[in-house]
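Chain by chain, the residues:
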Amino acid sequence: MTQPFHLAIPVDDLDKARAFYGDLLGFKQGRSDTHWIDWDMYGHQLVTHCVKRMPTPPEYNSVDGHNVPVPHFGVVLTMADWQQLADRLVAAKVEFVIEPYIRFKGQAGEQATLFFMDPAGNALEFKAFKDMGQLFAAD
């Protein structure tokens, strides 16, 4: 089993973070305090820390003809979990940075992907592979 990662990110409003990560994305809330909240992000530990001012907004790099925000984070899901999340986000009318689509179609590393921002401006990507053996495929 892969060990879970721990990622701490800045947010500027814990109530908005709670609504976004808990209500919209369905992440289970763990420990919390007045300035931070732990989230179960598909078995990984995501912590939203409240800050007075957000760092600079992301920059963008071109990948497969789309402008990808950098930095970004997320989880590689099963195709079924990815589709369920994509459907939930579309139904909630989330504004996508990159709408759900198949990237690198017909090439090594073909993947379903989508990008969106949290209320604080953190960029998230969730992806899935039809063949998980292609996760690190080079060609």
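Placed above this text is the structure.
Numbering of residues begins from 1 in every chain and follows the order in which that chain's sequence is written. With the structure being a predicted model, the display of local features is reserved for residues of pLDDT at least 70 and the display and counting of side-chain atom pairs for 80 or more, all residues being used for whole-chain, interface and lining totals. Note that water and hydrogens are dropped before the side-chain values are worked out from all heavy atoms of the structure.

S.K.: Tell me about the sheet that holds strand S4 (residues 44-50), and name the residues and values.
M.R.: When DSSP locates at least two bridges between a pair of strands, those strands are taken to pair. In this text, helices come from DSSP runs of H or I with a minimum length of four residues, and strands from runs of E with a minimum of two, each type numbered from the N-terminal end. Overall, mixed pairing links the four strands, which are arranged S1-S4-S3-S2 in an open sheet. Two strands bound the open sheet, and with one partner strand each, they are strand S1 (6-11) and strand S2 (28-32). Direction aside, neighbouring strands of the sheet carry axes that sit 30° apart on average. Here six bridges tie strand S3 (residues 36-41) to S4, and the two strands are oriented antiparallel to one another. Looking at S4, one finds that Trp39 is bridged to Leu46. Sitting on the sheet, helix H1 (residues 14-24) touches S1, S2, S3 and S4, and the angle it makes with S3 is about 10°. Note on definitions: angles span 0 to 180 degrees between N-to-C directions of axes, and those axes are lines fitted to C-alpha atoms, for helices only across the stretch in contact. It only takes one pair of heavy atoms within 4.5 Å for two residues to be counted as in contact.

S.K.: Give a description of H1 that names residues and reports values.
M.R.: Exposure categories follow from relative accessible area, calculated using a 1.4 Å probe and restricted to protein chains: below 20% of the type maximum is buried, above 50% is exposed, and the middle band is partly exposed. Within H1, the full set of buried residues consists of Leu14, Ala17, Phe20, Tyr21, Gly22 and Leu24. Residues of H1 that are buried in the fold lie against S1, S3, S4, helix H2 (79-91), strand S9 (111-117) and strand S10 (123-128). Its side-chain oxygen placed 2.9 Å from the backbone nitrogen of Asp15, Asp13 serves as the N-cap of H1. With its phi angle positive at about 80°, Gly26 sits one or two positions after the end of H1. In protein, a polar contact requires one atom able to donate a hydrogen and another able to accept it; more generally it is a pair of N or O atoms within 3.5 Å, and residues adjacent in sequence count only if both atoms are side-chain atoms.

Keep in mind that these numbers describe shape and distance, not what the molecule does.
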